[in-house]
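Each chain, written out:
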Amino acid sequence: MYGSIVNSNPDGIVTLLKADGSAAQVGVVQNQLIITEKSNVIETVDLLPDGAVSGFPTLVQNIPANVNAPFGLATRGNNAYVTIAHADEISLVRNGKVLTVTGSGTQHAPCWVTLAGPFLFSANSPSKSISRYSVYGQQIVQDAAVAASLNGNPTDIASGEGLVAVIDGNGTASHLSIFGVDDDGNLTLRGASTMSAGANGVAVVQGQD
Amino acid sequence: MRRQNAPHWSALRQLKERTILLNRFRFFGILVPLISALAAAHAQNALVVTATNAAQNQLLIYDSTGQLIHTVSAQGQGGVGGNAGGIEAKGSLVAVVNFGSQNVSIFERANGSLRMTQSVPAASNPVSVAFGGSHL
């Protein structure tokens, strides 16, 4: 990228380990990409100092034996919080290894996640809920199984500017829910909107001064 | 004389220290609410975006209370499903995957909304996108 202009020519292309069309999400940790493929693969790709992809993907070590559909991820620094959705688990990946695995308790399939300060929020598709976890060091501790409930099955979650935004769908419509987050990680609904079914992705864009 | 004046000077010094302390409290008393107000205003000013993911993909732009304020064409085709990170924001930039047309649309914040600035081709059908350093 040059300022806000993206070079149309990629400076590197890497084929994923499975490359079976099940890729779920990509994120960036220090000097690496981390990628989930729903066919039970979590992998990393090295980045050159200038940020270009390099070499071949490497399978993350210590993936739990019960791995079942890694889906969403959120990154900060050298940490990647990766959901193992169908095993009802959230994992911490650092330096190419799974270090921690935490169960999602009463809420099922924590598909998508986002970080907001010391908290990790998971959007649990079949449970139509958002769970809150405290994350520090190698710990992922669930401190609210249901921080908020949703109308439909969530398909993505994002945070920023003191907000958490979630997209969900119920087959006939999609919904956007926007929550304020207080210092204790409590979610307060600020607004919601309904749109045609099939909406994909959500992001919070920073405010302008 | 000096001994008699000592309590007087001490009282003056204490009064001066109290005044400085009081002014500090006043300063922070103004500064802290001001910073909080600015942070709140910044959050108010934030935008939330999603994509229709339809055959003619569009970016839906909402204010922080969920009010739809603009709809902008992504000049590409949607059609992705079962993935996250199909939209990524970094600073004033937003990237949106167009699964069906194998490209990524770039938007930039302008005048309280977002305008599309670029379409970047992808090697195959994109499902998720991320910014890292000076790369997309």
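Now for a description of the structure that goes with this document. The shown structure was predicted, so the numbers you read here are calculated from the model rather than taken from an experiment. (Residues numbered from 1 in each chain as written. Chains lettered and ligands numbered in written order. Predicted model: local features only at pLDDT ≥ 70, side-chain atom pairs only at ≥ 80, totals over all residues.)

1. Considerations on the sheet that holds strand 5 (residues 70–76) of chain A
Residues and elements named next belong to chain A.
Item 1. Pairing in this open sheet of four strands is antiparallel, and the strands run 5-6-7-8 from one edge to the other. In this open sheet, the two strands that pair with only one neighbour each are strand 5 and strand 8 (97–103). Ignoring which end each strand starts from, the neighbouring axes of this sheet average 25 degrees apart.
Item 2. Pairing between strand 6 (residues 79–84) and strand 7 (residues 89–94): six bridges, direction antiparallel. Looking across to strand 7, one finds that Ile84 is bridged to Glu89. (Pairing = 2+ DSSP bridges. Helix = DSSP H or I, 4+ residues; strand = E, 2+ residues; numbered from the N terminus. Axes fitted to C-alpha atoms, helices over the stretch in contact; angles between N-to-C directions.)

2. Considering the sheet that holds strand 7 (residues 113–121) of chain B
Consider a sheet: its strands pair through backbone hydrogen bonds, and that pairing is either parallel or antiparallel.
Residue and element names in this part refer to chain B.
Item 1. The antiparallel open sheet is built from four strands, whose spatial order is 4-5-6-7. The open sheet terminates on both sides in strands that have one partner only, identified here as strand 4 (87–90) and strand 7. Put simply, the sheet's adjacent strands are angled 25 degrees from each other on average, direction ignored.
Item 2. Relative to strand 6 (residues 103–110), strand 5 (residues 93–98) runs antiparallel, the two sharing six bridges. Paired with Asn98 across the strands is Asn103, a residue of strand 6.

3. Comments concerning the pairing of strand 5 of chain A
Two faces belong to every sheet, and in a regular strand the side chains alternate between them.
Residues and elements named next belong to chain A.
Item 1. Counted residue by residue, strand 5 has six buried out of seven residues, so it is predominantly covered.
Item 2. Of the pairings in the sheet, the one linking strand 5 to strand 6 comprises five bridges and is antiparallel in character. Residue pairing across strands places Leu73 opposite Val82, the latter belonging to strand 6. (Buried ≥ 20, exposed ≤ 12 C-beta atoms within 10 Å, placed from the backbone.)

4. Details of the interface of chain A and chain B
Item 1. Contacts between the two partners involve 42 residues from chain A, matched on the other side by 49 residues from chain B.
Item 2. For the side of chain A that touches chain B, the secondary structure elements donating two or more residues are strand 1 (23–29), strand 13 (153–160), strand 14 (163–169), strand 15 (173–181), strand 16 (187–196) and strand 17 (200–205) of chain A.
Item 3. Looking at the side of chain A that touches chain B residue by residue, the class counts come to 22 nonpolar, 17 polar and three charged.
Item 4. Examined bridge by bridge, strand 17 of chain A and strand 1 (residues 47–51) of chain B share five bridges and lie antiparallel to one another. Residue Ala203 of chain A lies in a different strand from strand 1 of chain B, and its bridge partner there is Val49 of chain B. (Contact = placed C-beta atoms within 7 Å. Nonpolar A, V, L, I, M, F, W, Y, C, P; charged D, E, K, R; others polar.)

5. Let's talk about unusual backbone geometry
Residue and element names in this part refer to chain A.
Item 1. Unusually for a residue other than glycine, Ala69 sits at a positive phi of about 70 degrees.
Item 2. Locating Ala69 in the fold gives a position in the loop between strand 4 (53–59) and strand 5.
Item 3. What makes Ala69 partly exposed here is the crowd of 18 C-beta atoms within 10 Å.
Item 4. The residue Glu161 is not glycine, and still its phi comes out positive at about 60 degrees.
Item 5. Mapped onto the elements, Glu161 comes out in the loop between strand 13 and strand 14.

Purely spatial values, then, with no claim about function.
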